[in-house]
There are 2 protein chains.
Amino acid sequence: MFENNRIVKLLKIKYPIIQGGMAWVADADLAAAVSNAGGLGIIAAANMPAEALEKQIIKVQSLTDRPFGMNLMMLSPTADDALEIAAKYHVPVVTTGAGLPGKVLDRLKPIGTVVIPVIASAAYAERAAKQGADAVVAEGSEAGGHIGEINTMVLVPQIVDAVDIPVIAAGGIADGRGMAAAFALGAEGIQVGTRFVCSTESNVHINYKDKIVKANERATAVTGRMLGHPVRALKNKFTKQFEELEKRGAPSEEIEAFGSGRLRAAVVEGDIEYGSLMAGQSAGLVKKIEPASDIIQDIINGAVEQTKKAARFAE
Amino acid sequence: MFENNRIVKLLKIKYPIIQGGMAWVADADLAAAVSNAGGLGIIAAANMPAEALEKQIIKVQSLTDRPFGMNLMMLSPTADDALEIAAKYHVPVVTTGAGLPGKVLDRLKPIGTVVIPVIASAAYAERAAKQGADAVVAEGSEAGGHIGEINTMVLVPQIVDAVDIPVIAAGGIADGRGMAAAFALGAEGIQVGTRFVCSTESNVHINYKDKIVKANERATAVTGRMLGHPVRALKNKFTKQFEELEKRGAPSEEIEAFGSGRLRAAVVEGDIEYGSLMAGQSAGLVKKIEPASDIIQDIINGAVEQTKKAARFAE
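Below or above, wherever it landed, is the structure these notes cover. This is a predicted model, so every value here is computed, not measured.

About the thresholds
- Residues numbered from 1 in each chain as written.
- Chains lettered and ligands numbered in written order.
- Predicted model: local features only at pLDDT ≥ 70, side-chain atom pairs only at ≥ 80, totals over all residues.
- Heavy atoms only, no water.
- Helix = DSSP H or I, 4+ residues; strand = E, 2+ residues; numbered from the N terminus.
- Buried < 20%, exposed > 50% of the residue type's maximum accessible area, 1.4 Å probe, protein only.
- Contact = heavy atoms within 4.5 Å.
- Core = buried A, V, L, I, M, F, W, Y, C linked by side-chain atoms within 4.5 Å.
- Salt bridge = Lys/Arg side-chain N within 4 Å of Asp/Glu carboxyl O.
- Buried area = accessible area lost by both parts, 1.4 Å probe.
- Polar contact = N/O pair within 3.5 Å; in protein donor to acceptor, adjacent residues only side chain to side chain.
- Nonpolar A, V, L, I, M, F, W, Y, C, P; charged D, E, K, R; others polar.

## Section: the environment of A182 of chain A
Alright, step 1. Tracing the sequence through the fold places A182 of chain A in helix 8 (residues 176-184).
Alright, step 2. Look at A182 of chain A and you get buried, because its relative accessible area is 1%.
Alright, step 3. Along the primary structure A182 of chain A and A303 of chain A are separated by 121 residues, whereas in three dimensions their C-alpha atoms are 9.8 Å apart.
Alright, step 4. For A182 of chain A, the contacting residues outside a window of four places in its chain are V156, A169, I173, A187 and I190 of chain A together with M153 of chain B.

## Notes on the environment of N301 of chain B
Alright, step 1. Assignment of secondary structure puts N301 of chain B in helix 14 (residues 292-311).
Alright, step 2. Separated by 265 residues in the primary sequence, N301 of chain B and N36 of chain B place their C-alpha atoms 18 Å from one another.

## A look at unusual backbone geometry
Alright, step 1. Even without being a glycine, A46 of chain A presents a positive backbone phi close to 40 degrees.
Alright, step 2. Relative to the helices and strands, A46 of chain A resides in the loop between strand 2 (41-44) and helix 3 (50-63).
Alright, step 3. Of note, the phi angle at H90 of chain B is positive, near 50 degrees, even though the residue is not glycine.
Alright, step 4. Looking at the element boundaries, H90 of chain B is found in the loop between helix 4 (79-88) and strand 4 (93-97).

## A short note on the nonpolar core
Alright, step 1. Ranked by internal contacts, the top residues of the largest apolar core, which has 130 residues, are I17 and I159 of chain A together with I17 and I159 of chain B.
Alright, step 2. Discounting residues that sit within four places of it in the chain, I17 of chain A has contacts with G39, L40, M179, I190, V192, F196, I296, I299 and I300 of chain A.
Alright, step 3. Grouped together as the second largest cluster of nonpolar side chains are 26 residues, A28, I43, V104 and L108 of chain B included.

## Brief notes about the pattern of salt bridges
Alright, step 1. One pass over the structure, following the stated rule, counts 30 salt bridges over all chains.
Alright, step 2. R264 of chain A is the salt-bridge partner of E269 of chain A, the closest N and O atoms lying 2.6 Å from each other.
Alright, step 3. Classification of E269 of chain A by relative accessible area gives partly exposed; the value is 47%.
Alright, step 4. Across the salt bridge formed by R248 of chain B and E254 of chain B, the nearest N and O atoms sit 3.4 Å from each other.
Alright, step 5. Given a relative accessible area of 59%, R248 of chain B falls into the exposed group.
Alright, step 6. The structure contains a network of salt bridges with shared partners spanning D161 of chain A together with D175 and R177 of chain B.

## Quick word on the interface of chain B and chain A
Alright, step 1. The partner chain A presents 48 residues to the 49 residues of chain B that form the contact.
Alright, step 2. Of the roughly 4200 Å² buried between chain B and chain A, counting both surfaces, carbon and sulfur atoms make up 64%.
Alright, step 3. The largest per-residue losses of area from chain B upon contact with chain A belong to M153, E217 and F313 of chain B, which jointly make up 19% of the total buried on that side.
Alright, step 4. At the boundary of chain B and chain A, one finds two salt bridges.
Alright, step 5. Note that R177 of chain B is salt-bridged to D161 of chain A, the shortest N-O span being 2.9 Å.
Alright, step 6. For the interface between chain B and chain A, the tally reads 19 residue pairs in polar contact (both at pLDDT 80 or more).
Alright, step 7. The set of elements that each furnish at least two residues to the side of chain B that touches chain A consists of helix 6 (122-131), helix 7 (152-162), helix 8 (176-184) and helix 14 of chain B.
Alright, step 8. Looking at the side of chain B that touches chain A, its residues break down into 24 nonpolar, 15 polar and ten charged.

So this is what it looks like as structure tokens:
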């Protein structure tokens, strides 16, 4: 299986499933669990102080001898530190968000790091490919957290048409059907976020996990569109108040201050009313809390079954 | 091919491809072209006066002896007239939008009409199935015109899980890859809108068609979210001004008056600056104007090829 899959070859992993680089969520424990299960676990550098990030990298290396990755948020004030840490520890794979990866490629390609930008339009994918990216994550707007405006269903084929490097589909993918659909659209791998938030090994507060498990397909809202920074999260008092601020045209400073610290409140304290429960539309497809290895096996088995089933029409 | 496909059997058509019931666009010429090519062509009743609609039905019956459909907008002031015309002419298939189809089922099921609501959430799909709908169209928010908020990638599998009747996927599907992905998600048919707007047989103004052909994946905008009636269309001066009205919190009457008549201006007069060029995100996948039969063959051939290609990973 996946013998000719370019993502599996590029990342030296068993299954072409990578875990989303979710701020506050994607730590060494989760990354190690995903990598040990045959996918690619990722540690989110986000705005983490250098020492904390370094500890996470050392920890993941103690928990797995398989490849893992780091997600680097280009706009973060700590991005330069994270870049140097990725170099120092020879992190095998770096995914990048919020900006073009030129700087990361310049620093890390010479030392053999695989660099994969997370991208929300075909134009950006083309530019990243020209800069030398090894692959791209095409992230549709059904994803959780900070999102673009183009949906997975149309984003993936257009990025596949635009670049020759392999494409990993993200956004709305939580089970084998999603993986089968992503491959039908031309992707060669998938990135999964929301379902891994609910893995046993994820250190996310149980209240947050429970809220995802109970969510249906209408459970998410997008806030921040008027500020130009759309974010998808489970609907709660926080998203409702955020929407009200936007509707009455509150100054952007006021809205940003209102949103500050809310993701941490959700992840660490389990504040499900006033925390930002970032999650994708796929929350409705997440039915239980289970080990990362079970999640990966379920996705792979489902994808094989569904692909065979769907292929019957062509007989 | 499609021997065990429930949509093909239910609708007595060759390929499980139905054409979207687009107001002002979906007329007898387009519907006949799609039906003659082996799909299901649909006439949009929208707000059409009874006599005009009747003429369209008589015309499509003169242009094809294959099954065709009518789309009935439940909230339209002319919906009751359209329902009686559907009954009078024994229109084989009726799709419904903007509301539950109870009334339509009561009137048309006894005379053997196939009734298929277009739906944007799993909860509505369940209710429509309980009312006796024969199938549902699961329409994701990548579609053009009036839309919901849930994307095709997550809407389709959740509706497939919620109901036993067959599911037709809509939103973001314009080529064989989209069809292959829809089937991977568990759909048994697809509805295509935007690509048929650009068919040779569509009577849409050439300016509008050209604008879709030239569009990329970022070409659409959603307006009306704050009014609770989101509409997706190609970005132009009209959508920009609409957004400005929304941002400054203009009264809904003012915004609605501003939007009135714009679709007609786009379709009939080819006003690409101030008309409402309703189109889905799949506009970026539409590359040329071609006959409806070529569109259908291209989708089918592409779906077969892509499904076989994607299935290789499971070997």
